[in-house]
Each structure stands twice: as structure tokens, then as C-alpha cells.
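Here is what each chain is made of, one letter per residue.
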Amino acid sequence: MENCSPTQTPEVDREALRLKYLAERDKRLRPEGQQQYLEAEDEFADFYEGDPHLPVQAREPISGELEVAVLGGGFAGLITAHRLQQAGVTDFRIIELGGDFGGVWYWNRYPGIQVDSDSYCYLPLLEETGFMPKEKFSHGDECYEHAQRIGRHFGLYEHALFHTLIRSLEWDAQLERWRITTNRGDTIDAHFVVMCQGPYNRPKLPGIPGIADFDGHIFHTARWDYEYTGGNLHGGLDKLGDKRIAVIGTGSSGVQVIPHLAAGAKHLTVFQRTPSYIFERDNHPTDPEWVKSLEPGWRADRQRNFHNAAFAFYSPGEPDLICDGWTEVARNLAAKLNETNGWTALADPAKFLEFKEIEDYRSMERLRQRIAQTVTDPETAEILKPYYRNMCKRPVFNDDYLPTFNRPNVTLVDVSASKGVERITEKGVVAGGVEYEVDCIILASGFEITTSLDRQYDIEPFTGRDGRSLYEHWGKGFRTLHGMSTHGFPNIYFTGFIQGGVTAATTLMFEQQADHIAYIIAEAKARGLTAVEPTEAAEQEWVSTVRANTVDNSTFVTECTPGYYNSEGEPNGRSFLGDPFWGGFYVLEELLQSWRDAGDLAGLSTKER
Ligand code: NAP
């Protein structure tokens, strides 16, 4: 479908820019690192546990036994449930805090919400459900509806336990089951548990002094209050005409809501600490002719092509099928190599990185120039310019965001010098010593992604054999077999960015993990095994394999301006990719397949009934 040409990018003075990047990083580094954020608990619990979309219905607590508990009903949980069914495991429940399937797409319904990466790669189980996204970048309602579609198509609703939050997980050695307790008073004993909480499950709040003092309305983007704003996720916020609104945060969520708030509010004040880098959205409807031309397996090819751009590199002559901001640097570099007949230089990894770095600097300069061309006030334009490398932060795609700052009812406040908003008062937000009085504060402050694992999971206690805490076991870093199971914690499996292979389509990673986990659970059932866990030796061997394949990107990471990607710049902080097996996503795929083909559950200690 795509006819993808390289993007024209300007010449740059890399050395001068590098120094500027470092200065911009230093301006924002905070000694508290991740601790600057407040957890959504106690008086702030409603920012996480409250559901503005669907009233929670009273129900009696549940108790009893279960074969498999899948914790989370977003795409990871749905894919896992589908793979369990395929493997013949049908006694499972999907336990989910939301009132429906969808995960992030259930919770995040803020105006403007849209997928930021190629929907054809991202939305799972397309061929299986016969669905094709309407556009390259789906809107949030299409994603939520697709989660519902998967739920209906595979009969997963009958397995769901909604509006239920796991409070604790403890391995009971006598029962050889996981005792699960929930916020609804349930006590469920599950033989197996699969953790499918996803990376964006729990909103975090900026630890701004006085945040609890505000007398107006306040909410997080992940729990949008349409009662207050009017409108829906496509905009039309018609209740804000007399309201002064503040937004704190200009990451992916902030950038998507800001144009809609500006269109609806009497006045909008945007508090920006670090600007995002904004690619053209350039969305387009799905071309029916392209759809007709697709052969079975097209999606796997597309996902692999995306992977090559993001985590490996194209082979000579390979087209860029994705053709957006995610692939700009790789696409431009490939074009240069074609022009100069330079592909052989890639044999030298240092040369490859240098080539890539040049394209990265040029691409970021192009985006800065785009801001200067779009935003009429030069001072505002300057504040909006991002000075850091591509992939220091998550790329953002929007065509309406930058023009929003040309509106008379929008004020941009740069809070970088004070490393964030200074204070919240009863009446509003203080920055640069000025109090901005507002009626409503919207926190676009992100999620517990690279804060500590106990904050992200919010499960306490979380204990395996002999009462050992998972948080202690992984206290000095992840220790797993293949990124999915860990010694001392029988019958529990992990999905997500832990110690596996990473790829550009997160849902493809979930598929790889679900295939493997479903296989192990089905085999355990078939062989009458009551407890299955990696041996200490197998776990150590995988940790060593991961170490042996480590890519040292520490200079890149530490030179980045702080954010959740680099754990707020904390040395040795958690990476949002976990502790990846850099040997490669597709290498791991082959390894896992051979492991399953061998059929001997190598590296797992098993106990028979
Ligand atoms: P985020 O990227 O973590 O952004 C949080 C924002 O809050 C940042 O701009 C941050 O500034 C700002 N902030 C935090 N504390 C502050 C303070 N004290 N004062 C002023 N500003 C403060 O969160 P997000 O935008 O919700 O996005 C999180 C992730 O969710 C994304 O990266 C993406 O992976 C996913 N997401 C995806 C989509 C999509 O695909 N459509 C949409 C939304 C989110 P600093 O940058 O200076 O820290």
C-alpha cells in the first residue's frame, strides 16, 4: 500500500546539538528520580480504582478453585485466553479491574485517543476475527471495540470477572495453588496464574506539593470525566465553554487531549516540562484494493518489517512497509546506503551506529523546524522544541497539536527550570512564581511503567515458595527462564517486558509469550503435574544468556532527557523494555519453538500428582 520515500532532512551541527541535549537533560534531572511521583493509593486511590465509565455492581464475594487465573483483560489477557483455549485449557477466568475487556483501551477514553503505531501490526488477532482496521492509526473506540470483538468471537465473556482488582497473590505449598484475594472480598485458589497486567495498568500522579489542596475538579487522563467536560473521545467537549482548564503533562496522552481541550475550554493553560517530538500523523483510511491484495501471513511479514526498522535493520532492497515516524530514521539511512552503495559498511556495528546517529539528529532537526514553521509566536515555538535524541522518549503523532498554540485561548507555560510545576493551591497551579487560577486540572502524568515493580503490580503480598517475595527475588534485576517464569514461584507466568525478546508490535510479543505459556500449562495438565517452575540452574543459565547478549546502550540512555523510558535518568533504573534478550525476538521465537518441539520441559522442575 505504501509508496514510501525518504524524508528530506536538514544538515546539522551534531557536536553543538549534543551539548545542547546534555544541558537540556541536566536542567530536568531530579535527585528524587522516580520517587517524584505519587502512587494512586489511599486518598488518591480513586485515580486508579475508580471507574468513570461503568458503575460497579454489588456482588457476593467468590471463593473456590480454578485451573488458570489470567490477571488482566487487555490485549495480553485476551491473547493468552485465546491461546489457552487453542491448547485445550478451558477452566480459566480473566480477572480484570475494568468493567469490560480492553485494558488501556477500556480505561483511556480521553478525547483524541488514537493508536500511535501502525494498527495493522498492533491490533491482535485480525486474521482470526476477520477484522481489518478502518485506518492506519485506529481511534481508541476501534481498539476498545476490537477487544470486545475478541471477547465475543472466542466466547471469553463467560470467563470474565470484571471490576475486580487483585490485592494479593500467595503460593500455598500445601494446596499447591495460588491464593488470590481481591478488592471484592474474593478468595480464589488457582492452580496456575498468568500475569497479563500490561505496562500501562496503573496511573501515576505528579508529586506536586499541595496536589491534595486543590478545590476545583481534578482527574487523570486515564479516567476521563465526560460528565464534567461533555463530548466524547472524538471531541466536542461542550461543557467547558466557561471553564479554565490546566493540563499537566505533554507526553502521548497530553498531546492527544490538548487540541480538544483548547477547542472546548474558555481558556487552556498547558504546563510543559519537556516537549514531545511530534511527527505528522498523516492518517489514511485502509485501502480496499490493498486489502484484496493481501496474502495469508501478510501481517507477520509486516510486523517483521516493522521490527527490522525499530530493532534490527533492513536488508538491502527491503521496502519500508510501515512508512511513518517510527521508521523515518531507518528509512532515511537505508536510502543513503542505497545511494552510496554503502551497505557493506554495516558489517561494522560502530559505523552503523554512527550512520544511524546522523539520521537521528537530522530527523529531530526536521521536527524542530516544523514547529518553527507551524507556531506563529517564536518564543512559544522555541519552548515547544525538543532537544534530545530520537527514542529518548516515545514518538508522538499529531497534526492538530502544534497549531493549537496559535489559538488566543491557549497559554503554554514552560516549567522546565523548576523541574516541574512548583505547587498546586486551592485555586490553581503555580509556576515561575505565578499562580494560574483554574477550574479543573487534568493530569496527563503517565503510568507506573518503570517505577518499582511493587508499584506497578500493586499486589501485596506477592509471595512464592517459602513466603519469598517476588519483589525481593527480582530486587537486583529480573531472574527468569525465557522471561516468563521464575525459580521459587511455581505455576506462575509473566507476560510483557521482562527478560524476553522485544519487537515493535507489543501485541506480537504477547502472542509469543502466550503460545509458550499455554503450551506449558497444557502439558502440565496432560502430564498430571501439580507444580512446575524453572530450576535455579536453568534460571541462572537464562540470566547468563541475556547478559551475554546485552547491547550496551547505557551512553544513549543516560544522555537522554529524563522520562519513564530511562527511569527518570536514575543510574541502573528499570528500563521500559525490561532486561531484554537482545539476541533477538525472532531468535527467541526459534529457541522457544525448539524447546517445545523437544517436549522434555527442559529446565523446569516438575512435581507429579
Ligand atoms: P508520559 O509519557 O509519562 O508523560 C507524562 C508527562 O507528565 C510528561 O510530559 C512529564 O514531563 C509530565 N510531568 C510529570 N510530572 C510533572 C510535573 N511535576 N510537572 C510538570 N509536568 C510533569 O505519560 P503519557 O503521555 O500518558 O504516555 C505514557 C505512555 O503511554 C506513552 O509513552 C505510550 O507508550 C502510552 N500511550 C500511548 C498512546 C497511543 O498509542 N495512542 C497514547 C497515550 C499513551 P517530562 O517529560 O518532563 O517527564
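Look above for the structure.
Analysis parameters
Residues numbered from 1 in each chain as written. Predicted model: local features only at pLDDT ≥ 70, side-chain atom pairs only at ≥ 80, totals over all residues. Heavy atoms only, no water. Pairing = 2+ DSSP bridges. Helix = DSSP H or I, 4+ residues; strand = E, 2+ residues; numbered from the N terminus. Axes fitted to C-alpha atoms, helices over the stretch in contact; angles between N-to-C directions. Contact = heavy atoms within 4.5 Å. Disulfide = S-S within 2.5 Å.

Draft legend 1. Geometry of the sheet that holds strand β15 (residues 423–424). Strands sit in the order β15-β16-β17 across an open sheet of 3 strands; the sheet is antiparallel. This sheet does not close on itself; its edge strands, each paired only once, are β15 and β17 (434–437). The pairing of β15 with strand β16 (residues 428–431) spans 2 bridges and is antiparallel. For R423, the partnering residue across the bridge sits in β16 and is V430.

Draft legend 2. Representation of the sheet that holds strand β11 (residues 267–272) within the structure. Pairing is parallel in the open sheet, where 5 strands are placed in the order β9-β18-β10-β11-β14. On the outer flanks of this sheet lie β9 (217–220) and β14 (410–414), each paired with one strand and no other. On average, each strand axis in the sheet is tilted by 15° relative to the strand beside it, whichever way the strands run. In this sheet, β14 lies alongside β11 in parallel orientation, the contact comprising 5 bridges. Its bridge partner being in β14, L268 is matched across the sheet by V410. Most of the contacts of helix α9 (residues 252–264) go to β11, to which it runs at about 155°, and overall it touches β10 (244–248), β11, β14 and β18 (440–443).

Draft legend 3. Region of interest: the state of the cysteines. For the structure shown, the criterion picks out 2 disulfides. Here C4 pairs with C323 through a disulfide, and the sulfurs are 2.1 Å apart. Its S-S torsion of about 90° marks the bond between C4 and C323 as right-handed, since a negative value means left-handed. With C4 in the segment before α1 (14–28) and C323 in the loop between α11 (298–311) and α12 (328–340), this pair connects stretches of sequence that are 319 residues apart. The cystine pairing of the chain, numbering bonded cysteines in sequence order, is 1-2, 3-4. Just so you know, C143 is unpaired, no disulfide at all, and the nearest cysteine sulfur is the one on C121, 14 Å from it.

Draft legend 4. Here's a closer look at the environment of V257. Mapping V257 onto the fold places it in helix α9. Taking C-alpha positions, V257 is 44 Å from G467, a pair spaced 210 residues apart along the chain. In this view, V257 contacts Y110, P111, T221 and W224; residues no more than four positions away in its chain are not counted.

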